[in-house]
Amino acid sequence: MTGSLISELKPKGKIITPFNVISGLFILVGIGFMIYRFIYGLPAVVNEAPGFPWGVWIGFNVMAGVAFAAGAYTLTFVVYILKNDLYHPIIRPTVLNGFLAYVFYAGAIVLDCGRWWHIYNPLIGNKFGVNAVLFLIAWHFFLYMLAELVEFSPAIAEWLGAKRLWKVLKGMTIGAVVFGITLSTLHQSALGALVLMAEPNIHPLWWSEWIPVLYFVSGIYGGISMVLVEGWISMKAFSDIIPEKFKKQYPNIAVGLAKFAAGVMFAYLFMKLLVLIHGRHWDLLLTPMGYIYIIEVIGLTFIPFLFFLFGAKNRSVGLIRWAAVLAMLGIILNRCSYVFIAYKWYVPLSERYIPAIPEVWIALTIVVAHMWAYRWVVRRMPVYTDPPEWAKEDH
Amino acid sequence: MDRRSFLKAIAAGTVSFSLTPSGVLAKMPDGSKEFVGVLVDTTRCIGCRRCELRCAQVNNLPLPDPDDKKVFEKERWVSAEHWTIVNRHKTSKGTFFIKRQCMHCCQPACAAACPVKAMEKKKDGPVVWNPNCIGCKTCAFSCPWGVPELEPKPFPKIGKCIFCWPRLQKGLLPACVDTCPMEALIFGTRRQLLDEARTRIYKNPDRYHRYIYGEREVGGTSWMYLTAAPPEEMGLKREVGKKPLPENTTGFLFAVPYVLVLWPAFLLGVHKATERRKEVASKENEEG
Ligand code: SF4
Ligand code: SF4
């Protein structure tokens, strides 16, 4: 067992591939920047503009990353609570992806925290800021990671051949699912609530008391888009291990997800419209900030909504993929708007925060490292592949 | 500063309210029910920047050069290593100077946002920083004036005016108030300061614009300003609004316990229902 475990830990397949070399070097440089950041402090790698405390790590990695991870709780809801079996084949990849996203993107918070050596304070109770939104988020991230791990753990038990443990872990799934959905509902919206207090700092086209709900709803379609993009990449990258029946099933899954995403996006756009009407800031639409707003809401939300709609209607997986990519770009723009684009919009461009190269490099290193971890697990555990005979589920 | 010079500071000039030092300062640490504050009478400030220097000395910050008048050419802002600054503004009523620092909000967004209560509103009024801070910068993100800032260092602290809280506890005046040669800074309880500000406006309607900046801004602040011209001409933002910002999140936080209780119950209910449906369906399948 130990011997085989060690061989399992070794890389599988060809080591020298263009992807491995390029992404490996990329990660190495990124790790270098990270070490540099911890030794010489944030200003060494981050473009610090006075008055702009947060940048791409919070906007892109944490806020957008967590929205993209929402696919996990959305699908567990559909599969385990509503018992829709169509999506059962993608539940494991999605939960795995969600779990890793939290591990890596919550990790970005550690990078961004100036006093990272105190990062455990909210958890160990070196004063509980119980009425602070970020306190809630810290705890939810932590507990949610545990829930996701429990949901995914049967796959680990199958990999290790631990039959008894498997039974125990399997029995915990529903509990973890219910717990996970509840936590997600709260912290997806809590990320929105985090910016609520900065009302005077956020452009009126973006600020509204509905931000938590908007974050929650956009997280759902952001998560589904991520599942679609991830499926697209995986079908290519793991086509050697993905079973034929899954490949046949996939277009049905994609079309179903596209319909779902279109429905959620419709609700989201409707809410955006209500917020706009209620805010009565029409005049601001024809300002530079207004154009960014239009790009976000029309170009990167309404257009992908149409793509999803027609993609589902014509069963065009290609169109659905593009819809997913555009929708994700829309979420990134939206989250970064709150954090530094529409934030203190009155500050002239020359004094604004513009991300520095090492900063963006680190942000992308986190994404690439996430992909490596994902591949490592997929190549070993029954994620896409069928579980061993003894672990067949009865449905 | 001893009791005598403190009395001098209070009794001097146009300070017309009666403040006995024992009446305010002695009670301070164990909590008089009122917030203390400072009224900044910008019509009296001559831009000598002695407050800047004294602040840096008292708080071990890099020392500014108060005689460097070039700094007035550009509007400056406070930073982690420069907790108070004096700006010069050309207004419709002439050129005036204004000292800026943390406003010590009555309901501070920074403290409400802090996940570890490192940013803390003392019941006497000052908003202070504690070293259990994790450096998440949510305080900086949430402050309507952009005051708190992380020091640009490998192992930084959050730097901002702490109202000389250690000095107040010893019964001393804030360093800037203590050092101001023009009595442009007046220390007292918020209520006394508001009375004083209104009296000044009432008695000298030509000298002051009829507005006390900080009386209502974001629900009221401990530091308040009297200006000759409308406050926005002095760089005092009116857009911060009158609403206490922590109210923005109370609705959300209020909903959290309900979601935590009701959502799992609902989910488990649906789970049970769909499970039964599925069992029935699979049985029918077997029979049929
Ligand atoms: S001015 Fe800013 S830093 Fe000062 S108390 Fe108010 S919110 Fe906090
Ligand atoms: S940076 Fe420190 S003081 Fe500011 S909110 Fe975070 S933990 Fe609190």
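Located above this text is the structure these notes cover.
What counts and how
- Residues numbered from 1 in each chain as written.
- Chains lettered and ligands numbered in written order.
- Predicted model: local features only at pLDDT ≥ 70, side-chain atom pairs only at ≥ 80, totals over all residues.
- Heavy atoms only, no water.
- Helix = DSSP H or I, 4+ residues; strand = E, 2+ residues; numbered from the N terminus.
- Rg over C-alpha atoms; globule rule 2.2 N^0.38 Å.
- Buried < 20%, exposed > 50% of the residue type's maximum accessible area, 1.4 Å probe, protein only.
- Contact = heavy atoms within 4.5 Å.
- Areas by Shrake-Rupley, 256 points an atom, 1.4 Å probe, with all protein chains shown as cover.
- Lys, Arg positive; Asp, Glu negative; His and termini not counted.
- Charge placed at Lys NZ, Arg CZ, Asp CG, Glu CD.
- Salt bridge = Lys/Arg side-chain N within 4 Å of Asp/Glu carboxyl O.
- Near = heavy atom within 4 Å.
- Nonpolar A, V, L, I, M, F, W, Y, C, P; charged D, E, K, R; others polar.
- Core = buried A, V, L, I, M, F, W, Y, C linked by side-chain atoms within 4.5 Å.
- Phe/Tyr/Trp six-rings, centres within 6.5 Å; stacked < 30°, edge-to-face > 60°.
- Buried area = accessible area lost by both parts, 1.4 Å probe.
- Pairing = 2+ DSSP bridges.

J.: Give me the lowdown on the overall build of chain A, citing residues and values where you can.
T.: Looking only at helices and strands, one finds 14 helices and zero strands in chain A. Listing every helix and strand of chain A by position from the N terminus yields α-α-α-α-α-α-α-α-α-α-α-α-α-α. At 21 Å, chain A has a C-alpha radius of gyration in line with the 21 Å of a compact globule built from 395 residues. Judged by the C-alpha coordinates and their principal axes, chain A covers about 65 × 55 × 45 Å. Across the 395 residues in chain A, those meeting the buried criterion constitute 56%. Contacts in chain A between residues far apart in sequence, at least 24 positions, make up 80% of those at least 6 positions apart. Split by element, the accessible area of chain A, about 16600 Å² in all, is 73% carbon and sulfur. On chain A, the mean spot of the 29 positive side-chain charges and the mean spot of the 20 negative ones are 6 Å from each other.

J.: Mind laying out the pattern of salt bridges, listing which residues take part and the relevant values?
T.: Across all of its chains, the model carries 20 salt bridges over all chains by this definition. Taking the shortest distance from any N to any O, the salt bridge between B:Lys243 and A:Glu199 comes out at 2.9 Å. On the criterion of chain membership, the pair formed by B:Lys243 in the loop between strand 10 (223–226) and helix 9 (247–287) and A:Glu199 in the loop between helix 9 (173–193) and helix 10 (211–237) is interchain, its members lying in two chains. Through salt bridges that share partners, B:Asp41, B:Glu196 and B:Arg200 make up one connected network.

J.: Explain the site of ligand 2 to me, and be specific about the residues and the numbers.
T.: As a structural note, the neighbourhood of ligand 2 is formed by 14 residues, with B:Cys114, B:Cys133, B:Cys136, B:Lys137 and B:Cys139 the closest of them. Split by residue class, the shell around ligand 2 holds eleven nonpolar, two polar and one charged.

J.: How would you summarise the environment of B:Gly171 if you had to cite specific residues and measurements?
T.: Considering the arrangement of structural elements, one finds B:Gly171 in the loop between helix 6 (165–169) and helix 7 (175–179). Distance in space between the C-alpha atoms of B:Gly171 and B:Gln101 is 21 Å, their sequence separation being 70 residues.

J.: Break down the nonpolar core for me, with residues and values.
T.: A:Trp57, A:Leu228, A:Leu257, A:Phe308 and B:Met119 are the most contacted members of the largest nonpolar core, which has 149 residues in total. Broken down by element, this core gets its largest block of residues, 16 residues, from helix 11 (residues 244–279) of chain A. Sequence-distant contacts of A:Leu228, that is, excluding residues within four places in its chain, are made with A:Tyr250, A:Ala254, A:Leu257, A:Phe308, A:Ile320 and A:Ala324. Judged by nonpolar contacts, the second largest core, of 49 residues, contains B:Cys45, B:Cys51, B:Cys105 and B:Cys143.

J.: So what's going on with the packing of aromatic side chains? Which residues, and what values?
T.: Each pair of aromatic rings is reported with the distance of its centres and the angle of its planes. Tallying each qualifying case throughout the model produces 35 aromatic pairs over all chains. Here the aromatic rings of A:Phe238 and A:Tyr374 are separated by 6.4 Å at their centres, their planes lie at 55°, and the arrangement is tilted. Residue A:Phe238 is found in the loop between helix 10 and helix 11, and its partner A:Tyr374 is found in helix 14 (residues 357–378); the two are separated by 136 residues along the sequence. A:Phe238 gets classed as buried once you look at its relative accessible area, which sits at 4%. Residue classification places A:Tyr374 among the buried residues on the basis of a relative accessible area of 6%. With 6.5 Å between their ring centres and 75° between their planes, B:Trp145 and B:Tyr213 make a pair best called edge-to-face. Residue B:Trp145 is located in the loop between helix 5 (138–142) and strand 6 (149–150), and its partner B:Tyr213 is located in strand 9 (residues 212–213); the two are separated by 68 residues in the primary sequence.

J.: Describe the interface of chain A and chain B, with residues and values.
T.: Of the residues lining the interface, 62 residues belong to chain A; the matching set on chain B comes to 54 residues. Roughly 4800 Å² is buried in total at the junction of chain A and chain B, and carbon and sulfur atoms are behind 67% of that figure. The largest per-residue losses of area from chain A upon contact with chain B belong to A:Lys83, A:Arg115 and A:Met197, which jointly make up 16% of the total buried on that side. For the pair chain A and chain B, the number of links is two salt bridges. For the salt bridge of A:Asp112 with B:Lys137, the shortest nitrogen-to-oxygen distance reads 3.3 Å.

J.: So, the pairing of strand 3 (residues 94–100) of chain B: which residues are in play, and what are the values?
T.: Residue and element names in this part refer to chain B. Counting buried residues along strand 3, five of its seven residues qualify, which places the element largely inside the surrounding structure. Here strand 2 (residues 85–91) pairs with strand 3 via seven bridges, running antiparallel. Note that in strand 3 the partner of lysine 90 across the bridge is threonine 95. What sits between strand 2 and strand 3 in their antiparallel hairpin is a turn of two residues.

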